[in-house]
Amino acid sequence: MKLLEEKIKTDGVALNEHILKVDSFINHQIDPMLMQEMANEIAAHFKGRGITKIATIESSGIAPALMVSLALGVPLLILKKQPSKILNQDLYQTVVTSFTKETNYELTLSKKYISQNDHVLIVDDFLANGEAATAAIRLIRMSYATIAGLGILIEKSFQPGREKLEAQGIEVYALARIGNMGENFISFI
Ligand code: 5GP
């Protein structure tokens, strides 16, 4: 998506070869018009596929995912993070390794809001190593719901997330795909 690529070029900050800060329009301050255009593009791509719910991981996935859910007219499920494992029989639970924080956390989903009749589109801001998305898929599949695919704003294609997900048969649709980056440059695929 040209608009997003331009915005990343002007307002994104590559902290190093691995981490891109997009705090001024996605993660901290949100540009609502851009967010809506991005969400509409993801919704248009997955439209007509029988999607019953959108799922995202708190917290930076919530804004794009909410707008995709609005565009497709289906509810949004927020997969919640918990610092440590407290067993709860009302929740599906799984462990995730966080790329940015270099820690483990527990991801949870209430059994109340998902069933085997659901067909779920996962939406997130970034795809890097694919750990968050893989955990989300694991969690959703515990309910025997099916996965429609993964809609991503920014994919860092030099990291192995897409490969990992495609190897599991998951379709990945990303609006901007970064081939490589460094302190003063960002190049797209
Ligand atoms: P993964 O599990 O694919 O390695 O990482 C996905 C999650 O880590 C995303 O939900 C996002 O919140 C965070 N993340 C990964 N890479 C970046 C990055 O370069 N910049 C920012 N702001 N977040 C990132």
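What you see is a predicted model; the values in this text were computed from it and never measured.

What to know about the side chain of Thr-108
Okay, step 1: When you line up the elements, Thr-108 lands in strand E6 (residues 104–110).
Okay, step 2: The exposure class assigned to Thr-108 is buried, which follows from its relative accessible area of 4%.
Okay, step 3: If near-sequence neighbours (up to four positions away) are discounted, Thr-108 is found in contact with Ile-78, Leu-79, Lys-80, Gln-82, Leu-91, Tyr-92, Gln-93 and Leu-139.

A word on the environment of Phe-158
Okay, step 1: Along the chain, the position of Phe-158 falls in the loop between strand E8 (146–156) and helix H6 (161–167).
Okay, step 2: When the C-alpha positions of Phe-158 and His-18 are compared, they lie 8.8 Å apart, and in sequence the two are 140 residues distant.
Okay, step 3: Other than its neighbours up to four places away in sequence, Phe-158 contacts Glu-17, His-18, Ile-178, Gly-179, Asn-180 and Met-181.

Re the site of the ligand
Okay, step 1: As a structural note, the neighbourhood of the ligand is formed by 17 residues, with Leu-20, Asn-129, Gly-130, Ala-132 and Lys-156 the closest of them.
Okay, step 2: Between an oxygen atom of the ligand and a main-chain N or O atom of Ala-128, the distance comes to 2.9 Å.
Okay, step 3: In isolation the ligand has 510 Å² of accessible area, and contact with the protein removes 88% of it.
Okay, step 4: Residue assignment for the shell around the ligand shows that the elements contributing at least two residues are strand E7 (119–127) and helix H5 (131–141).
Okay, step 5: Residues belonging to the shell around the ligand are distributed by class as follows: seven nonpolar, six polar and four charged.

Here we look at the sheet that holds strand E3 (residues 53–57)
Okay, step 1: In space, the eight strands of this open sheet follow the order E5-E6-E4-E3-E7-E8-E9-E10, with mixed pairing throughout. Where the open sheet ends on each side, the last strands, each with one partner, are strand E5 (91–97) and strand E10 (185–188). The mean angle between the axes of side-by-side strands here comes to 30°, regardless of whether they run parallel or antiparallel.
Okay, step 2: One ladder, built from seven bridges, connects E5 with E6; its direction is antiparallel. Its bridge partner lying in E6, Val-95 is registered against Glu-106.
Okay, step 3: The strands that helix H1 (residues 2–11) touches are E8, strand E9 (172–182) and E10; relative to E10, the one it contacts most, it runs at about 165°.
Okay, step 4: This element, H5, spans E3, strand E4 (76–82), E5, E6, E7 and E8 of the sheet and lies at about 160° to E5.

Each value, and the rule that gives it
- Residues numbered from 1 in each chain as written.
- Predicted model: local features only at pLDDT ≥ 70, side-chain atom pairs only at ≥ 80, totals over all residues.
- Heavy atoms only, no water.
- Helix = DSSP H or I, 4+ residues; strand = E, 2+ residues; numbered from the N terminus.
- Buried < 20%, exposed > 50% of the residue type's maximum accessible area, 1.4 Å probe, protein only.
- Contact = heavy atoms within 4.5 Å.
- Near = heavy atom within 4 Å.
- Polar contact = N/O pair within 3.5 Å; in protein donor to acceptor, adjacent residues only side chain to side chain.
- Areas by Shrake-Rupley, 256 points an atom, 1.4 Å probe, with all protein chains shown as cover.
- Nonpolar A, V, L, I, M, F, W, Y, C, P; charged D, E, K, R; others polar.
- Pairing = 2+ DSSP bridges.
- Axes fitted to C-alpha atoms, helices over the stretch in contact; angles between N-to-C directions.

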